[in-house]
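A closer look at the structure
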Amino acid sequence: MEYLVKNVDANFKLRFEDYCLKQNYSHNTIARAIIFIKSICFHARTNGIDTNFQLDNIIVKYKKVDKIYLTQDELKIIESKKLDAEHLINSRDWLLISCETGQRISDFMRFKKEQIKKENKKYFIEFTQVKTNKLMKIPLSKKVLSILKKRNGEFPIELSAQKYNEHIKKVCELAELTNKIKGSRINPKTNRKEKGIFPKYELVTSHIGRRSFATNNYGRVPTSILIYMTGHTTERMFLEYIGKTETEKAMQAAEYF
């Protein structure tokens, strides 16, 4: 179905939200899409195109989300856990790499050794981010290099997002990350997102690597560098993204005074 700019009204918003919910999109993803649509309409208005009189009254709000991340101690437990199944070892290596590089699964799962460059005795990986189309060049940590070394310079085997999510949940379960925390998960029976209190391993998804990188390095690495690596457009967005509470941020800041 085609919509004209002037068709974007309150009813359009309701129908759009209803459609997105049926497709299992999260509230904040839907809100972001509506804001984007409104921005297009406002731009059209400034260029003389008719818009609906209800456009200014279309209001959307973001909901506070539970920010799940893996702490440094948890990552050490995951790294040291003895695993027998090769597919779990493979997925654990990807998880550790994601927590060290701060990239989305659409990017880190495509890493190849041919993308690695050495400059001034430092190793970097060059790639173009899928979401932003931005050319990136980020350093590889000692941990990532040690994973590559044991694999003869190769990255782990590429996986689908679905398989990767399944495997890292199992890895974290075997690492006994069973403490119960508040969060959201997809109910396997209804295939819909549900909120509640669950064992932490059940809430682990591919996105946890990027947030863990940002959260664990905040206060240790200059924020401007973290923003460059994660791809956030503003410091405000980055600070809202990380998993530390305001109290934790304040206590961390106090270490410098």
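Residues numbered from 1 in each chain as written. Predicted model: local features only at pLDDT ≥ 70, side-chain atom pairs only at ≥ 80, totals over all residues. Heavy atoms only, no water.

Structural notes on the pattern of salt bridges
Where we set the bar: When a carboxyl oxygen of Asp or Glu lies within 4 Å of a side-chain nitrogen of Lys or Arg, that pair is called a salt bridge. Helical segments are the DSSP runs of H or I of at least four residues, strand segments are the runs of E of at least two, and each set is numbered from the N terminus. The cut-offs for exposure are 20% and 50% of the maximum accessible area for each residue type, with area from a 1.4 Å probe on protein chains only; residues under the lower value are buried, those over the upper are exposed, and the others partly exposed.
Going through the model one piece at a time under the given rule, you end up with 18 salt bridges. Residue K113 pairs with E154 through a salt bridge whose shortest N-O separation is 3.2 Å. Taken together, the residues span a long stretch of sequence, with K113 in the loop between α5 (105–108) and β1 (116–119) and E154 in the loop between α6 (142–150) and α7 (161–174) at a distance of 41 residues. Here K113 falls in the partly exposed class, since its relative accessible area comes to 36%. One salt bridge in this structure joins E202 and R185, with 2.2 Å as the shortest N-O distance.

Describing the packing of helix α3 (residues 72–80) against helix α4 (residues 86–101)
Our working definition: Interaxial angle, 0 to 180 degrees, is taken between N-to-C directions of lines fitted to C-alpha atoms, where a helix line uses only the stretch in contact. Orientation categories follow fixed angle ranges, with anything under 35 degrees roughly parallel, anything over 145 roughly antiparallel, 65 to 115 roughly perpendicular, and all other angles oblique. Here is the rule for handedness: rotate from the far helix to the near one, and if that takes an anticlockwise turn smaller than a right angle the crossing is left-handed, while a clockwise turn gives right-handed. Residue contacts are defined here by distance: any two heavy atoms, one from each residue, within 4.5 Å place the two residues in contact. Three categories are distinguished: nonpolar for Ala, Val, Leu, Ile, Met, Phe, Trp, Tyr, Cys and Pro, charged for Asp, Glu, Lys and Arg, and polar for the others, with Gly belonging to the last.
Relative orientation of the contacting elements α3 and α4 amounts to 150 degrees, with a least axis distance of 10 Å. As judged from the angle between their axes, α3 and α4 are roughly antiparallel. You can see that α3 and α4 cross each other, and the crossing is left-handed. The segment α3 lies against α4, with L75, I78, E79 and S80 engaging R92, L95, L96 and C99. Tallied by class, residues from the contact of α3 with α4 come to 5 nonpolar, 1 polar and 2 charged.

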